[in-house]
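Structural features, examined
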Amino acid sequence: MARSSARPSVPLGSLTQRESRDVVTCVSCSSARTTQLSMSLTDGTPVDFVSCHVCGHRSWTHEGVELEVSDVLQRTRKVR
């Protein structure tokens with residue numbers, strides 16, 4: 001299985017050391033209390049996932065565009 005285009009290498013941050021993290025704010029409530037993960041969906045789409053610890057909003061973005069939850073679910077389905 002071929003991999004999709006390689007993403008640029010991003011230095012690993014730390015969940016415990018503030019100075020090692022990039023600040024990502026929630027698009028819903030603007031809180032900086034978020035967790036951000038880069039991942040690939042089942043179909044190979046690279047996304048950035050952000051979850052807010054204050055309001056619970058979750059978002060997935062691909063190439064700077066926020067994906068709808070239904071689109072994320074469709075991209076994570078396994079092909080039989």
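Here goes a summary of the coordinates provided. As the structure is a computational prediction, the values presented were derived from the model and not from experiment.

This next bit is on the pattern of salt bridges. Side-chain pairs of opposite charge can arise where the charged atoms are in close proximity. Going through the model one piece at a time under the given rule, you end up with one salt bridge. Residue D71 pairs with R75 through a salt bridge whose shortest N-O separation is 3.1 Å. Of this pair, D71 and R75 both sit in helix α1 (residues 69-75), four residues apart, which is roughly one turn of that helix. Since its relative accessible area comes to 24%, R75 is described here as partly exposed.

In this section: the packing of aromatic side chains. Applying the stated criterion across every chain, the model contains one aromatic pair. Plain terms: the ring middles of F49 and W60 are 5.1 Å apart, the flat faces sit at 45° to each other, and that makes the pair tilted. Here W60 lies in strand β3 (residues 58-62) and F49 lies in strand β2 (residues 46-52), a separation of eleven residues in the sequence. Each member of the pair, F49 as well as W60, carries the same accessibility label: buried.

Moving on: the sheet that holds strand β4 (residues 65-67). The strand order across the open sheet formed by four strands is β1-β2-β3-β4, and the pairing between neighbours is antiparallel. Each having just a single partner strand, β1 (34-40) and β4 make up the two edges of the open sheet. For this sheet, the mean inter-axis angle between neighbouring strands, taken without regard to orientation, is 30°. Alignment of β2 against β3, held across four bridges, turns out to be antiparallel. Bridge pairing in β3 places V50 opposite S59.

Turning to the pairing of β1, a few remarks are in order. Sheet topology note: the β1/β2 ladder contains seven bridges and is antiparallel. Its bridge partner lying in β2, Q36 is registered against V50. Joining the antiparallel neighbours β1 and β2 is a turn of five residues, in which G44 adopts a positive phi near 95°.

About the cut-offs
- Residues numbered from 1 in each chain as written.
- Predicted model: local features only at pLDDT ≥ 70, side-chain atom pairs only at ≥ 80, totals over all residues.
- Heavy atoms only, no water.
- Salt bridge = Lys/Arg side-chain N within 4 Å of Asp/Glu carboxyl O.
- Helix = DSSP H or I, 4+ residues; strand = E, 2+ residues; numbered from the N terminus.
- Buried < 20%, exposed > 50% of the residue type's maximum accessible area, 1.4 Å probe, protein only.
- Phe/Tyr/Trp six-rings, centres within 6.5 Å; stacked < 30°, edge-to-face > 60°.
- Pairing = 2+ DSSP bridges.
- Axes fitted to C-alpha atoms, helices over the stretch in contact; angles between N-to-C directions.

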